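As a plain string of letters, each chain reads:
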Amino acid sequence: MTALVFDLDGTLIDSAPDLHLAANLVLRDEGLPEITFAQARSFIGKGAANLISRVMTAVGLGDDPDEHARLLAKFMEHYEGEPANTVLYPGVVDALARLEAAGHPMGLCTNKPGEPTRIALRHFGLDRFMKAVASADTLPERKPDPAPLQHVARALGDGTALYIGDSEVDAETARRAGLPFALYTEGYRKTPISELYHTYIFDHFDQLPDLVARHGASVEA
């Protein structure tokens, strides 16, 4: 049975509103200009440390490592609680339930830090589906390095899996891992679909169970 590994932000959950809020709370505390929602959304994908680097550049703070560490710590203080404005993408829970009933082992591979990942999974009731999780602090490597994805795929079975994600980082991770990739087109992607590595595309989670079934049939043929 095909193992399924999911990205989190931009794939299962739309966390951009809470990430935007946390970043602006930091900037407000510092007496700095706030960033727009579009900016915050475009900064998502490579983890909190990268997001803060992008925020610092956007407001003209440069790249001092000590300042980055201080602001990242403040950001995490604002962000590590229960999600306030984050929402599930439509159809996620039903799709995961159908895939679970069909016997597919499922896991998660995200660049989100471990504690916010655990809180989000529990908050939305997704933890019951995920049999293996790699977050930003599980391994020394982070996406697009293939190691976290390969780690989860191995934990779910024989190391073969279908990866489901939304972004350039996810596409590159799947390509480097040598795994098929289902691109969710309604997430945080900025690059045209035609320019990204992908095996399948879908724009609503209602479509995913049938897509996975077709993939399984093609693999077994």
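Definitions and cut-offs
Residues numbered from 1 in each chain as written. Predicted model: local features only at pLDDT ≥ 70, side-chain atom pairs only at ≥ 80, totals over all residues. Heavy atoms only, no water. Pairing = 2+ DSSP bridges. Helix = DSSP H or I, 4+ residues; strand = E, 2+ residues; numbered from the N terminus. Axes fitted to C-alpha atoms, helices over the stretch in contact; angles between N-to-C directions. Contact = heavy atoms within 4.5 Å. Parallel < 35°, antiparallel > 145°, perpendicular 65-115°, else oblique. Left-handed = near helix turned anticlockwise from the far one by under 90°. Nonpolar A, V, L, I, M, F, W, Y, C, P; charged D, E, K, R; others polar. Core = buried A, V, L, I, M, F, W, Y, C linked by side-chain atoms within 4.5 Å. Buried < 20%, exposed > 50% of the residue type's maximum accessible area, 1.4 Å probe, protein only. Expected span 1.5 Å × (residues − 1). Polar contact = N/O pair within 3.5 Å; in protein donor to acceptor, adjacent residues only side chain to side chain. Phe/Tyr/Trp six-rings, centres within 6.5 Å; stacked < 30°, edge-to-face > 60°.

Q: What should I look at first to understand the sheet that holds strand β6 (residues 161-165) in this one?
A: The strands making up a sheet associate through hydrogen bonds between their backbones, and the pairing can be parallel or antiparallel. Across the sheet, which stays open at both edges, the six strands sit in the order β5-β4-β1-β6-β7-β8 with parallel pairing between neighbours. A single partner strand is all that each edge strand has here, and the edge strands are β5 (130-134) and β8 (200-202). Each strand axis lies, on average, 25 degrees off the axis of its neighbour in the sheet, ignoring direction. Across three bridges, the pairing between β6 and strand β7 (residues 181-184) is parallel. Its bridge partner being in β7, Ile164 is matched across the sheet by Ala182. In the packing of helix α8 (residues 168-177) onto the sheet, the strands contacted are β6 and β7, and the crossing angle to β6 comes to about 165 degrees.

Q: It is not clear to me how the environment of Leu179 should be interpreted in this structure. Could you clarify?
A: Topologically, Leu179 is positioned in the loop between α8 and β7. In this structure the C-alpha to C-alpha distance between Leu179 and Ala153, which are 26 residues apart in sequence, comes to 9.6 Å.

Q: Can you walk me through the packing of helix α1 (residues 16-29) against helix α4 (residues 65-79) in this structure?
A: The angle between the axes and the distance between the axes are what describe a pair of packed helices. With their axes 9 Å apart at the nearest point, α1 and α4 run at an angle of 130 degrees to one another. It follows from the interaxial angle that α1 and α4 lie oblique. Along this stretch, α1 crosses α4, giving a crossing that reads as right-handed. Here α1 contributes Asp18, Leu19, Ala22, Ala23, Leu25, Val26 and Asp29 to the contact with α4, which in turn contributes Leu71, Lys74, Phe75, His78 and Tyr79. The class makeup of the residues in the contact of α1 with α4 is eight nonpolar, one polar and three charged.

Q: Just to check I follow, could you spell out the nonpolar core for this structure?
A: Soluble globular proteins: nonpolar side chains tend toward being buried together. Judged by nonpolar contacts, the single largest core of 49 residues is most densely connected at Phe6, Leu12, Phe75, Leu126, Met130, Phe205 and Leu208. Tallying contributions element by element places α1 first for this core, with six residues. Ignoring anything within four residues of it in the chain, the contact list for Leu126 reads Leu12, Ile13, Leu88, Val92, Val93, Leu96 and Leu121.

Q: Help me out: how do you make sense of α4 in this one?
A: Side chains of residues three or four places apart in an α-helix project in the same direction, reflecting 3.6 residues per turn. Between its first and last C-alpha atoms α4 spans 21 Å; for 15 residues at 1.5 Å apiece the expected length is 21 Å, and the two agree. The complete set of buried residues in α4 reads His68, Leu71, Lys74, Phe75, Met76 and Tyr79. Its side-chain oxygen at 3.3 Å from the backbone nitrogen of Asp66, Asp64 defines the N-terminal cap of α4.

Q: Explain the environment of Arg118 to me, please; I cannot follow it from the model alone.
A: Of note, Arg118 is situated in helix α6 (residues 114-123). With relative accessibility at 47%, the residue Arg118 sits in the partly exposed group. Between the C-alpha atom of Arg118 and that of Leu96, which follows or precedes it by 22 residues, the distance is 17 Å.

Q: Just to check I follow, could you spell out unusual backbone geometry for this structure?
A: Most peptide bonds are trans, and most residues other than glycine sit at a negative phi. In this structure, the amide linkage connecting Lys143 to the following residue, Pro144, adopts the cis form with an omega of 10 degrees. For Pro144, the position within the fold is in the loop between β5 and α7 (147-156).

Q: Help me understand the packing of helix α3 (residues 48-58) against α4, please; the structure alone is not making it clear to me.
A: Where α3 meets α4, the closest approach of the two axes is 10 Å, and the angle between their N-to-C directions is 115 degrees. One finds that α3 runs roughly perpendicular with respect to α4. Remark: the crossing between α3 and α4 carries right-handed chirality. For the pair formed by α3 and α4, the contact residues are Ala48, Ala49, Leu51, Ile52, Ser53 and Met56 on the first element and Glu67, His68, Leu71, Leu72, Phe75 and Met76 on the second. Partitioned by chemical class, the residues of the contact of α3 with α4 number nine nonpolar, two polar and one charged.

Q: Would you mind showing me how to read the packing of aromatic side chains here?
A: Think of a pair of aromatic rings as described by two things: how far the centres are apart, and how the planes are tilted against each other in angle. Using the criterion set out here, one finds six aromatic pairs in the structure. Aromatic pair Tyr163 and Phe181: ring centres 5.8 Å apart, planes at 35 degrees, arrangement tilted. Residue Tyr163 is located in strand β6, and its partner Phe181 is located in strand β7; the two are separated by 18 residues in the primary sequence. Of the residues examined, Phe181 reaches a relative accessible area of 0% and is grouped as buried. Centre to centre, the rings of Tyr184 and Phe205 are 5.0 Å apart; their planes meet at 55 degrees, and the pair counts as tilted.

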